[in-house]
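# Observations on the three-dimensional arrangement
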Amino acid sequence: MQSANLVVVGQVNGAFGVKGWLKISSFTRPPDKITDYAPWQLRNSGRSIEVEVVGSRRQGKGIVVQLAGVDDRDAAQLLRGMEIVVSRDKLPEPEDGHYYWNDLEGLLVRTLAGEELGRVEQMLSAGAADVMVIEGKRRLLLPFILQDTVIEVDLESGCIVVNWSSDA
């Protein structure tokens, strides 16, 4: 889980070319908006480093970036798999009915009948809809579809109410 003041906005997928450029996955919409949120921290379980983006461009369906001090393919490959993290205060406030995933992670999930299903462990992108991974008595995967599966999100009380049966 991530700190409340840090948000994962992408991931380094590997090297691009021989001059240190990186292929990245962007979790922002639109994807190339990721470079607007600086500075970046790259982190994995063992380390965190602050980096400066000095170049970026669309490449096919993806984005490639160049970081200060990363000048060759070997240095770029060492960053593969790292998360791209920014301070929450660098991001715009979400529109009504939209949420940053890190705001949802950790929230308690209850059914309309008041039964606790567990807490949102993580969110996943599954194409047609985002999915909540809920850890409770058993692990559940519920689609995050507002006004259908998800009836209410109350960030202040830390609860999500869902139209779901624990028998499902």
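Up top you'll find the structure we're talking about.
Residues numbered from 1 in each chain as written. Predicted model: local features only at pLDDT ≥ 70, side-chain atom pairs only at ≥ 80, totals over all residues. Heavy atoms only, no water.

Counted by the stated rule, this structure contains six salt bridges. A salt bridge links Arg 88 to Asp 103; the shortest N-O distance between them is 2.7 Å. Separated by 15 residues along the polypeptide, Arg 88 in the loop between strand 7 (83-87) and helix 2 (101-104) and Asp 103 in helix 2 bring together distant segments of the chain. Shared partners join several salt bridges into a network, and the residues in it are Glu 121, Glu 135 and Arg 139. (Salt bridge = Lys/Arg side-chain N within 4 Å of Asp/Glu carboxyl O. Helix = DSSP H or I, 4+ residues; strand = E, 2+ residues; numbered from the N terminus.)

Structurally, Glu 105 is set in the loop between helix 2 and strand 8 (108-111). The side chain of Glu 105 is buried and forms no salt bridge, while Arg 43, the nearest opposite charge, is found at 7.9 Å. A distance of 3.4 Å separates a polar atom in the side chain of Glu 105 from the backbone nitrogen of Met 123. (Buried < 20%, exposed > 50% of the residue type's maximum accessible area, 1.4 Å probe, protein only. Lys, Arg positive; Asp, Glu negative; His and termini not counted. Polar contact = N/O pair within 3.5 Å; in protein donor to acceptor, adjacent residues only side chain to side chain.)

Okay, the layout of surface pockets next. Volume-wise, the largest pocket comes out at about 1,300 Å³. The wall of the largest pocket is formed by 37 residues, among which Phe 27, Arg 29, Tyr 99, Tyr 100 and Trp 101 lie closest to the centre. Contributions of two or more residues to the lining of the largest pocket are made by strand 1 (6-16), helix 2 and strand 9 (116-125). Looking at the lining of the largest pocket, the element that brings in the most residues is strand 9, giving five residues. Residue classes in the lining of the largest pocket are distributed as 19 nonpolar, nine polar and nine charged. (1 Å grid on protein atoms, 1.4 Å probe; cavity = no way out; pocket = protein on both sides within 12 Å on 5 of 7 lines; lining within 4 Å. Points joined across faces, edges and corners; volume = space filled by probe spheres on them. Nonpolar A, V, L, I, M, F, W, Y, C, P; charged D, E, K, R; others polar.)

By secondary structure assignment, the location of Val 150 is in strand 12 (residues 150-154). For Val 150, a relative accessible area of 0% gives the class buried. Here the alpha-carbon distance between Val 150 and Val 109, two residues 41 residues apart in the chain, equals 9.6 Å. When residues no more than four places from it in sequence are discounted, the contact partners of Val 150 are Met 132, Pro 143, Phe 144, Ile 145, Ile 160, Val 161 and Val 162. (Contact = heavy atoms within 4.5 Å.)

The topology assignment puts Gln 59 in strand 5 (residues 53-59). Note on Gln 59: relative accessible area 34%, which makes it partly exposed. The sequence separation of Gln 59 and Tyr 37 amounts to 22 residues, and the corresponding C-alpha distance is 19 Å.

A word on the nonpolar core. By size, the foremost hydrophobic cluster in this structure holds 22 residues, and its most contacted members are Leu 22, Ile 24, Trp 40, Leu 42, Leu 67, Leu 79 and Ile 84. The leading source of residues in this core is strand 1, at four residues. Excluding its chain neighbours within four sequence positions, the residues that come into contact with Leu 42 are Val 12, Arg 47, Ser 48, Ile 49, Val 51, Leu 67, Leu 79, Met 82, Glu 83 and Ile 84. Ranked by size, the runner-up nonpolar core spans 15 residues in total, among them Leu 104, Leu 140, Leu 142 and Val 162. (Core = buried A, V, L, I, M, F, W, Y, C linked by side-chain atoms within 4.5 Å.)

Spatially, 4-3-7-1-2-6-5 is the arrangement adopted by the seven strands of the open sheet, whose pairing is antiparallel. Two strands in the sheet have a free side with no partner beyond their single neighbour: strand 4 (48-51) and strand 5. Strand-to-strand twist across the sheet, computed as the mean angle between neighbouring axes with direction ignored, equals 35°. Examined bridge by bridge, strand 3 (residues 40-43) and strand 4 share four bridges and lie antiparallel to one another. (Pairing = 2+ DSSP bridges. Axes fitted to C-alpha atoms, helices over the stretch in contact; angles between N-to-C directions.)

Right, let's talk about the packing of aromatic side chains for a bit. The geometry of two aromatic rings is summed up by the distance between their centres and the angle between their planes. Considering all chains together, one arrives at one aromatic pair under this definition. Both rings, one in Tyr 99 and one in Phe 144, keep their centres 6.2 Å apart while their planes meet at 85°; by these two values the pair is edge-to-face. Note that Tyr 99 is positioned in the loop between strand 7 and helix 2 and Phe 144 in strand 11 (residues 139-144), a separation of 45 residues in sequence. Residue Phe 144 is classed as buried on the basis of its relative accessible area, which comes to 13%. Against the face of Trp 21 rests Arg 57, its NZ or CZ located 4.6 Å from the ring centre. (Phe/Tyr/Trp six-rings, centres within 6.5 Å; stacked < 30°, edge-to-face > 60°. Lys NZ or Arg CZ within 6 Å of the ring centre and 35° of its normal.)

Don't take any of this as a statement about function, it's just geometry.
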